[in-house]
Amino acid sequence: MSKARTLLPAPKLLNLVGVRADENAITLVARTSSRVALCPVCTKRSSRVHSRYTRTLTDLPWQGVLVTVRLRVRRFFCDERFCARAIFAERLPGLAAHYARRTERLDSWFRHVSFALGGEAGSRLLREL
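Residues numbered from 1 in each chain as written. Predicted model: local features only at pLDDT ≥ 70, side-chain atom pairs only at ≥ 80, totals over all residues. Heavy atoms only, no water.

A full pass over the atoms with the stated rule returns 2 aromatic pairs. An angle of 25° between the planes, with centres 5.9 Å apart, marks the rings of F76 and F88 as stacked. Taken as a pair, F76 in strand β6 (residues 65–77) and F88 in strand β7 (residues 87–89) lie far apart in primary sequence, 12 residues in all. Overall, the relative accessible area of 0% leaves F76 in the buried class. Between W109 and F110, the ring centres sit 6.4 Å apart and the planes meet at 20°, which makes this aromatic pair stacked. For W109, a relative accessible area of 28% gives the class partly exposed. A residue is classified by how much of its surface remains accessible, and F110, at 27% relative accessible area, is partly exposed. Lying across the ring of F77, R48 places its NZ or CZ 4.3 Å from the centre. (Phe/Tyr/Trp six-rings, centres within 6.5 Å; stacked < 30°, edge-to-face > 60°. Helix = DSSP H or I, 4+ residues; strand = E, 2+ residues; numbered from the N terminus. Buried < 20%, exposed > 50% of the residue type's maximum accessible area, 1.4 Å probe, protein only. Lys NZ or Arg CZ within 6 Å of the ring centre and 35° of its normal.)

Here it is, written out as structure tokens:
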């Protein structure tokens, strides 16, 4: 069975809202598709949204053109009475770490090149790619 390919990273987690493109960059505008999120401390499900913010993630280039993902992410209230975390941002496993500015697939790409080639050679190759 062939694995489906898509321009959007983690298509099961995200809904594509729009695409902006010019000769120098492609911007994918997306939002999360889940209605609930798990608190990272107590793991209780929450559907009560506190606020929203936009994250910008760099993704793999397409045909040498920079690709970024402008992602609308929500913050939730944790309703667990004894949880130390009152408000938390939804996590995006398989897409990006909670603090990351790059997608996991771009990080993986960087890691493979750096292990194979090392410092200066890997840097030259990635600059060309």
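Our next topic: helix α1 (residues 104–117). Between its first and last C-alpha, α1 extends 20 Å over 14 residues, near the 20 Å set by a 1.5 Å rise per residue. Positive backbone phi, approximately 85°, marks G118, located one or two places after α1. (Expected span 1.5 Å × (residues − 1).)

The pairing of strand β1 (residues 14–21) with strand β2 (residues 25–32) spans 7 bridges and is antiparallel. Residue pairing in the sheet places N15 in a bridge with R31 of β2. (Pairing = 2+ DSSP bridges.)

One non-glycine residue, T43, adopts positive backbone phi at about 65°. For T43, the position within the fold is in the loop between β3 (37–38) and β4 (45–46). For T43, a relative accessible area of 55% translates into the label exposed. A positive phi angle, near 50°, is found at Q63, a position not held by glycine. Among the secondary structure elements, Q63 is positioned in the loop between β5 (49–62) and β6.

If you trace the backbone, L92 turns up in the loop between β7 and α1. Through-space distance from the C-alpha of L92 to that of D79 is 20 Å; in sequence the pair is 13 residues apart. Leave out the neighbours within four places in its chain, and L92 touches L13, T32, R55, L71 and V73. (Contact = heavy atoms within 4.5 Å.)

Our next topic: the side chain of T32. Relative to the helices and strands, T32 resides in strand β2. Judged by its relative accessible area of 9%, T32 is buried. A distance of 3.2 Å separates polar atoms of two side chains, one belonging to T32 and the other to R74. Engagement of the side chain of T32 in a polar contact is seen with the side chain of E90, the distance being 3.0 Å. The residues contacting T32, other than those within four sequence positions of it, are L13, L14, N15, L71, R72, R74, E90 and L92. (Polar contact = N/O pair within 3.5 Å; in protein donor to acceptor, adjacent residues only side chain to side chain.)

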